[in-house]
Structure formats: structure tokens, C-alpha cells
Amino acid sequence: MQPTNIPPVVATAGSSDPAQPLVVLLHGRGSNEREIIGLADQLPSGPAYAAVRAPIAEGGGYAWFANRGIGRPVAESLTDTMAWFRTWLDAAAPAGRPVVLVGFSGGAAFAGGLLLADPHRFAGAAILYGTLPFDAGVPVTPARLAGVPVFVAQGDQDRVIPQELLQRTWQYLLAESAASAYGRRDPGGHGITGQTLAELGGWIHERLVPRPAGGE
């Protein structure tokens, strides 16, 4: 049974102004909110950053959903945790406050599930070194993400996420989904590189940080 009746544990960084856009950082399986909130130090100033602890204890850390296999969420589990997360998010960022999801590994699948379930709720999502939750109860139909900004990064030597799922995710996001997608491939494996973080920062800045009056 998933402990989705408990309030989430949240770490924050960046702006404390509730009027500023919110970037939500979603950690990987077996990690926690304290580890991923550190990314905020290397991302643009201006937005608020929040890292939420996943609700399922696993391996000394936490997970977003039960798995049928690596990268293959159990549909009922994903549905439950997405509803739990949305309860928190809709209170933290009422309609009108831009929200960008940034998910790594298992957090990427969770971010993808949230985005696919309700594409218009989000100002964009970054799917980092992970897969979308195919065959897990969320729509993965053609043009589902039409015009939605998506950043996707993968490592060519990733041996954690099955290659079939990485390829399917890349193809869907950069073609079938009709998202406004930015794709980046690393020669390395299953980890966020400095160059990916720099490009992610530029992508976030472009979408969430207003240009100064009179600026270029």
C-alpha cells in the first residue's frame, strides 16, 4: 500500500516569492529531495525551486511508483502518486503560476506521466536520462503534447534504462508528440553532465526568466 495519505516533504531553493514561476525537481528511484535540490544552485536565478520527496520508501531512498520492471511503472501505482503530487502542486502553484517539471531517471518517468496526463497544466518539462511511462495508464497518443516545451537528454552509454524505452521516448518526444522539443545526447551514461545542466539552464531561462525592459 502506498503512503499517499501523508503530506509531502519538500526542499526549496531560489525565490521565495509565490508569484514567481516554480521549477519542480523530481529525483530518481532510491534518491531523495535533498540530493536533487542541489541542482538549483546551477540553474537560473529568478524562479522558485522545489524538490519533492517521493512517497514510497525504497533502497534507503524513495520511489515515485511501483515497477513491473526498470522504466515500466505499475499503472495503479503511478495513478495514485500522480494524484497525491497534484494535490500538493495545485496548492503550491495555483492556476496561473507557471510550473516546469525537471525529472531525472525515475523522476523523468513521473514527470512524463504528469505531463501526458494534463499537458496544459505545465509550462514545460525536462525528461533527463529516463523514459516516458509507456503502457502505464497515461495517454501516449500522436500530437498529445502539441506545442508544449520539452527538454530531453539521454546518454548513449546508458545501461540503466532499457535501450528500447530510451529510443521510444526519443522518437515520441521529438516527433510523434508534436512537442516543442529540444533534444540533447551525451556520449556518457546514466548521469546528468555539466553540459546538459548548462543547456537545461538556458532552456529554463528562456521560458521562465523575463527579459529586462528595453533588453535585446
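Our subject is the structure listed above.
On a predicted model such as this, the values are computed, not experimentally measured, just so you know.

Here we come to the overall build of the protein chain. Looking only at helices and strands, one finds 5 helices and 11 strands in the protein chain. Its C-alpha radius of gyration of 16 Å places the protein chain within 12% of the 17 Å reference for a compact globule of 216 residues. The buried share among the 216 residues of the protein chain stands at 50%. Nonlocal contacts in the protein chain, meaning residues at least 24 apart in sequence, comprise 76% of its contacts between residues at least 6 apart. For the protein chain, the exposed surface amounts to about 9,400 Å²; the carbon and sulfur share of it is 53%. Looking at the protein chain, you have 15 positive and 18 negative side-chain charges, and the mean spots of the two groups are 2 Å apart.

Turning our attention to the pattern of salt bridges. Evaluation of the coordinates by the stated rule reveals 12 salt bridges. Note that Glu 33 is salt-bridged to Arg 34, the shortest N-O span being 3.5 Å. Glu 33 gets classed as buried once you look at its relative accessible area, which sits at 3%. For Arg 121, the salt bridge identified is with Asp 90, shortest N-O distance 3.1 Å. Here Arg 121 is found in the loop between helix H3 (106–117) and strand E9 (124–128), whereas its partner Asp 90 is found in helix H2 (residues 75–92), with 31 residues between them in sequence. Ionic contacts of the salt-bridge type, sharing partners, join the residues Arg 86, Asp 90, Asp 118 and Arg 121 into one network.

We now examine the packing of aromatic side chains. A complete count under the given rule lists 7 aromatic pairs for this structure. Each ring, one from Trp 64 and one from Phe 110, has its centre 4.4 Å from the other, and the planes form 10 degrees; the classification is stacked. Taken together, the positions of Trp 64 in the loop between strand E5 (61–63) and strand E6 (67–69) and Phe 110 in helix H3 put the pair 46 residues apart, joining distant regions of the chain. Judged by relative accessible area, Trp 64 falls into the buried class, the value being 2%.

Attention now goes to the packing of H2 against H3. Taken N-terminus to C-terminus, the directions of H2 and H3 make an angle of 75 degrees; their axes are 10 Å apart at the nearest point. One finds that H2 runs roughly perpendicular with respect to H3. Residue-level inspection shows Leu 78, Thr 81, Met 82, Phe 85 and Arg 86 of H2 in contact with H3, the latter providing Phe 110, Gly 113, Leu 114 and Ala 117.

Bringing helix H4 (residues 163–176) into the picture now. The end-to-end C-alpha separation of H4 is 18 Å, in line with the 20 Å expected for 14 residues at 1.5 Å each. Of the positions making up H4, those classed as buried are Leu 165, Leu 166, Thr 169, Tyr 172 and Leu 173. Viewed end-on, H4 has its buried residues packed into an arc of 135 degrees, placing them on one side of the element. In the core, the buried residues of H4 are packed alongside strand E7 (72–73), H3, E9, strand E10 (149–155) and strand E11 (180–186).

Read from one edge of the open sheet, 7 strands run E1-E3-E2-E8-E9-E10-E11, paired in mixed fashion. Two strands in the sheet have a free side with no partner beyond their single neighbour: strand E1 (10–14) and E11. The average angle at which neighbouring strand axes cross in this sheet is 15 degrees, direction not considered. Pairing analysis gives 5 bridges linking strand E2 (residues 22–26) to strand E8 (residues 99–104), with the strands arranged parallel. Paired with Leu 22 across the bridge in E8 is Val 99. H4 contacts E9, E10 and E11 of the sheet and is inclined by roughly 155 degrees relative to E10. Of the strands in this sheet, E2, strand E3 (48–52), E8, E9, E10 and E11 touch helix H5 (residues 194–208), which is tilted by about 180 degrees from E10.

The rules behind each value
- Residues numbered from 1 in each chain as written.
- Predicted model: local features only at pLDDT ≥ 70, side-chain atom pairs only at ≥ 80, totals over all residues.
- Heavy atoms only, no water.
- Helix = DSSP H or I, 4+ residues; strand = E, 2+ residues; numbered from the N terminus.
- Rg over C-alpha atoms; globule rule 2.2 N^0.38 Å.
- Buried < 20%, exposed > 50% of the residue type's maximum accessible area, 1.4 Å probe, protein only.
- Contact = heavy atoms within 4.5 Å.
- Areas by Shrake-Rupley, 256 points an atom, 1.4 Å probe, with all protein chains shown as cover.
- Lys, Arg positive; Asp, Glu negative; His and termini not counted.
- Charge placed at Lys NZ, Arg CZ, Asp CG, Glu CD.
- Salt bridge = Lys/Arg side-chain N within 4 Å of Asp/Glu carboxyl O.
- Phe/Tyr/Trp six-rings, centres within 6.5 Å; stacked < 30°, edge-to-face > 60°.
- Axes fitted to C-alpha atoms, helices over the stretch in contact; angles between N-to-C directions.
- Parallel < 35°, antiparallel > 145°, perpendicular 65-115°, else oblique.
- Expected span 1.5 Å × (residues − 1).
- Arc of directions from axis to C-beta.
- Pairing = 2+ DSSP bridges.

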